[in-house]
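Architecture and fold: a report
Here is how the chains run, residue by residue.
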There are 2 protein chains.
Amino acid sequence: ATVSDSGHEVEVTTSVKPIYMVSDGTGWTVEHSVNAALGQFEHCLVDRVCPVNTHLFSGIDDVERLMEIIKQAAKEGAMLVYTLADPYMAESAKQACKLWGMPSTDILGPITESIAAHLGVSPSGLPRGASGRNFPLSDEYFRRIEAVEFTIKQDDGALPQNLCKADIVLTGVSRTGKTPLSIYLAQKGYKVANVPIVKGVALPKGLFEVDPEKVFGLTINPLVLQTIRKARAKSLGFSKEARSNYSEMDYVRQELEFARRVFAQNPVWPVIEVTEKAIEETAAVILRLYHDRKHKCSMPGISKRY
Amino acid sequence: ATVSDSGHEVEVTTSVKPIYMVSDGTGWTVEHSVNAALGQFEHCLVDRVCPVNTHLFSGIDDVERLMEIIKQAAKEGAMLVYTLADPYMAESAKQACKLWGMPSTDILGPITESIAAHLGVSPSGLPRGASGRNFPLSDEYFRRIEAVEFTIKQDDGALPQNLCKADIVLTGVSRTGKTPLSIYLAQKGYKVANVPIVKGVALPKGLFEVDPEKVFGLTINPLVLQTIRKARAKSLGFSKEARSNYSEMDYVRQELEFARRVFAQNPVWPVIEVTEKAIEETAAVILRLYHDRKHKCSMPGISKRY
Ligand SMILES: Nc1ncnc2c1ncn2[C@@H]1O[C@H](COP(=O)(O)O)[C@@H](O)[C@H]1O
Ligand SMILES: Nc1ncnc2c1ncn2[C@@H]1O[C@H](COP(=O)(O)O)[C@@H](O)[C@H]1O
Ligand SMILES: [Mg+2]
Ligand SMILES: [Mg+2]
């Protein structure tokens, strides 16, 4: 960005690097992969030193629309990243990019080819949602929905009598990310309950009656917690009197100390430091521990059958 | 699987094809990519005709553990799929697989290289979570958490006075997937409210007062809906008397017809057929429509700035 004559900020469009993402499906795979790869350029993306814009086009299942998008991408000096199950579509994308002198990456092709070789089976070449596909009313489908619904009802210490039905129980002081973390895990099919720790408030008896191997404590740096709580109090519009101590440093420290003592009294619970962790990172740590504890004899990891 | 002499089912392990997945981060990217690629083999995975097991190893950031996993993978006749930001780790994985004669695919390397060329910037080579990284207390971080918390509170028609604060409002009869869909969209940063349509029950006034461009109707095939409702009633343990009509075909049809009339009276609301769609597929359709309506002049797609 730079400043024009009139004093207004105008974006120098030539410096913004567009990435076009195309999928015949939802586009979530290509978006996820590009996001991970962009993590490798954080040093340069920060403060938009080298600004990048992404554009996601999902449900692209005919060559005409594909070519329209690629033409537009070429015009803007973009690169193309795609997941196209139909080999003809994928090859068309590749050739068109070559023709327009535009860099391109196929996310689905290489992994599909190598799985095909491994299994000794040819890929279908059919995009998801192609008719004739099996309807996904699988056990897995029902399990996930049930997990999400369970987790929503359990949020914030509600229904402590149901703690025994949870796969995973999270506990920690306010603003350690219990709710978003619970929801993230629920979408992966785990029933999660979360129990807030509040200084001076007794924890529900049930928390100490459930299998301690499924309870996880969350902790956080006091300074960071204060920052988050201040933002929270502001967005909720707490009045100065009511809960004024919620984001005060002394109170924050005392509450974390109270939590630390609860954790010390329950040494089986792993305590996870969430400072500097994104929600999905904390989720990965929890699921790693969860599965390692369940399968003590095999190699640590998360296994699934297809 | 086959039956042994003793009559017990034993798995013929040679026929199960293992896929080992390794990441220095959470492992969600490699898991997501392998999942998408396995979709190309559904014809063969169904009923475990060609059974596949996946094993996910996350947080692998030293060569020793990497080599241990690859050795185990080789022993089991597996293939390896990996995301390793450190070029030395990635190269080690590649060479070790070659040595053991094991197929392998690098998910992160190719896309990172091509983005590097596009931006004219070298990748950091640092895995996520490497110290010295920026703490992710970004606006985006707060926005997502707020969206999840808003959406949970709004679930199932709660707090209709807040419909105006939602980015997206979903409406449809029970078991069209409003709750899991709301949560899925919330995790992407959208504040979602959902309003159930129940035959003979008046809809909240607020639903007709909000911007109709943000309301989405959900509909489903009656037979499929009945199947889902039967499963639901069973898992909730509905007594025969109470709501016995909930999953009766006549009632299901009448309720869907009631919803159809509501939708007909509100022609601006797009009506989305969720039969045969996974949650993430319906989410993709909704977000496509949502963004197209917001940016009527530009190409349809979802854009983001980095
Ligand atoms: N269940 C599935 N069956 C067939 N193809 C799939 C499946 N899931 C994902 N794909 C393909 O994998 C790629 C990424 O999917 P998506 O994340 O929906 O964009 C697309 O080319 C999809 O067509
Ligand atoms: N924010 C980030 N910064 C640096 N690397 C990242 C970031 N996010 C993901 N990655 C890398 O992308 C790959 C996939 O990440 P994950 O999905 O966490 O397994 C791993 O090699 C990570 O180290
Ligand atoms: Mg909470
Ligand atoms: Mg619901």
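Here is a short report on the structure shown in this document. Since we're looking at a predicted model, the values are computed, not measured.

This paragraph deals with the site of ligand 1. Around ligand 1 sit 18 residues, and of these A:Ser23, A:Asp24, A:Gly27, A:Thr29 and A:Arg128 come closest. One of the side-chain N or O atoms of A:Thr26 is found 2.7 Å from an oxygen atom in ligand 1. A distance of 3.2 Å separates a nitrogen atom of ligand 1 from a polar atom in the backbone of B:Gly39. Taking 470 Å² as the accessible area of ligand 1 by itself, protein coverage stands at 95%. A breakdown of the residues in the shell around ligand 1 according to their chemical character gives 7 nonpolar, 8 polar and 3 charged.

Across the contact, 105 residues belong to chain B and 104 residues belong to chain A. When the two sides are added together, the surface that chain B and chain A hide from each other amounts to roughly 9,300 Å², 62% of it contributed by carbon and sulfur. Its largest share of buried area at the contact with chain A, chain B owes to B:Trp28, B:His118 and B:Tyr306, together 10% of the area lost on that side. Where chain B packs against chain A, one counts 12 salt bridges. Between B:Arg232 and A:Glu149 there is a salt bridge, with the nearest N and O atoms lying 2.9 Å from each other. The greatest single-element share of the side of chain B that touches chain A, amounting to 10 residues, is contributed by helix H1 (residues 28–38) of chain B.

In the neighbourhood of ligand 2, 18 residues make up the surrounding shell, with B:Ser23, B:Asp24, B:Thr26, B:Gly27 and B:Thr29 lying closest. Each of chains A and B places residues next to ligand 2. The separation between a nitrogen atom of ligand 2 and a polar main-chain atom of A:Gly39 is 3.2 Å. A distance of 3.1 Å is found between a nitrogen atom of ligand 2 and a side-chain nitrogen or oxygen belonging to A:Gln40. In isolation ligand 2 offers 480 Å² of accessible surface; the protein chains occlude 95% of this area. Partitioning the shell around ligand 2 into residue classes produces 7 nonpolar, 8 polar and 3 charged.

A sheet is described by the order of its strands in space; here 5 strands give the open sequence S11(A)-S4(B)-S3(B)-S5(B)-S6(B), paired in mixed fashion. Looking at the sheet topology across the chains shown, the edges are occupied by strand S11 (302–305) of chain A together with strand S6 (104–106) of chain B. Neighbour-to-neighbour, the strand axes of this sheet turn through a mean angle of 15°, independent of strand direction. Together, S11 of chain A together with strand S3 (17–23), strand S4 (52–57) and strand S5 (79–83) of chain B form the strand contacts of H1(B), whose direction differs from that of S3(B) by roughly 150°.

Residue and element names in this part refer to chain B. Strand S8 (residues 192–197) sits mainly inside the fold: 5 of its 6 residues count as buried. Relative to S8, strand S7 (residues 168–173) runs parallel, the two sharing 6 bridges. The partner of Ile-168 across the bridge, within S8, is Val-192.

The subject of this paragraph is the nonpolar core. Of all hydrophobic cores here, the largest spans 66 residues; its most connected members are A:Ile115, A:Ile168, A:Ile286 and B:Ile19. When residues in this core are grouped by element, the largest group, 7 residues, is from helix H11 (residues 279–294) of chain A. Here B:Ile19 is in contact with A:Ile115, A:His118, B:Val34, B:Leu38, B:Val52, B:Asn53, B:Thr54, B:His55, B:Met79 and B:Val81, once residues within four sequence places are set aside. Membership of the second largest hydrophobic core comes to 64 residues, among which are A:Leu56, B:Ala283, B:Val285 and B:Ile286.

Residue and element names in this part refer to chain B. Running from amino to carboxyl end, helix H7 (residues 178–187) crosses helix H11 (residues 279–294) at an angle of 60°, the nearest separation of the two axes being 9 Å. Comparing their axes, H11 and H7 come out oblique. Judged by the sense of rotation from one axis to the other, the crossing of H7 with H11 is right-handed. On H11, the residues that touch Pro-180, Leu-181, Tyr-184 and Leu-185 of H7 are Ile-279, Glu-280, Thr-282, Ala-283, Ile-286 and Leu-287. Considering only residue class, the contact of H7 with H11 consists of 8 nonpolar, 1 polar and 1 charged.

Attention now goes to the relation of the copies chain B and chain A. Overlaying chain B with chain A gives an RMSD of 0.0 Å, the required rotation being 180° about an axis along which the chain moves by 0.0 Å. A rotation of that kind, with that shift, is consistent with a two-fold axis. Proximity to the rotation axis, assessed at the C-alpha, singles out B:Ile152 in chain B; its C-alpha lies 3.2 Å from the axis. The overlap is high: 98% of the interface residues of chain B also sit at the interface in chain A, so the same surface is used on both sides.

Okay, the state of the cysteines next. All names here are of chain A. Scanning the model with the defined rule gives 2 disulfides over all chains in all. One disulfide in the model links Cys-44 with Cys-50; its S-S distance is 1.8 Å. Both residues of the pair, Cys-44 and Cys-50, belong to the buried class.

We now examine the sheet that holds strand S7 (residues 168–173) of chain A. Residues and elements named next belong to chain A. Ordered in space as S8-S7-S9-S10, the 4 strands form an open sheet in which the pairing is parallel. With partners counted over all chains shown, the strands left at the sheet margins are strand S8 (192–197) and strand S10 (271–273), one partner each. Averaged over all adjacent pairs, the angle separating strand axes in this sheet is 25°, with direction ignored. Pairing analysis gives 3 bridges linking strand S9 (residues 215–219) to S10, with the strands arranged parallel. Considered in S10, the bridge of Thr-219 is made with Glu-273. Together, S7, S8, S9 and S10 form the strand contacts of helix H10 (residues 249–265), whose direction differs from that of S7 by roughly 145°.

Parameters at a glance
- Residues numbered from 1 in each chain as written.
- Chains lettered and ligands numbered in written order.
- Predicted model: local features only at pLDDT ≥ 70, side-chain atom pairs only at ≥ 80, totals over all residues.
- Heavy atoms only, no water.
- Near = heavy atom within 4 Å.
- Polar contact = N/O pair within 3.5 Å; in protein donor to acceptor, adjacent residues only side chain to side chain.
- Areas by Shrake-Rupley, 256 points an atom, 1.4 Å probe, with all protein chains shown as cover.
- Nonpolar A, V, L, I, M, F, W, Y, C, P; charged D, E, K, R; others polar.
- Contact = heavy atoms within 4.5 Å.
- Buried area = accessible area lost by both parts, 1.4 Å probe.
- Salt bridge = Lys/Arg side-chain N within 4 Å of Asp/Glu carboxyl O.
- Helix = DSSP H or I, 4+ residues; strand = E, 2+ residues; numbered from the N terminus.
- Pairing = 2+ DSSP bridges.
- Axes fitted to C-alpha atoms, helices over the stretch in contact; angles between N-to-C directions.
- Buried < 20%, exposed > 50% of the residue type's maximum accessible area, 1.4 Å probe, protein only.
- Core = buried A, V, L, I, M, F, W, Y, C linked by side-chain atoms within 4.5 Å.
- Parallel < 35°, antiparallel > 145°, perpendicular 65-115°, else oblique.
- Left-handed = near helix turned anticlockwise from the far one by under 90°.
- Least-squares fit on C-alpha atoms with pLDDT ≥ 70 in both.
- Disulfide = S-S within 2.5 Å.

Such coordinate-based values are descriptive only and should not be taken to indicate function.
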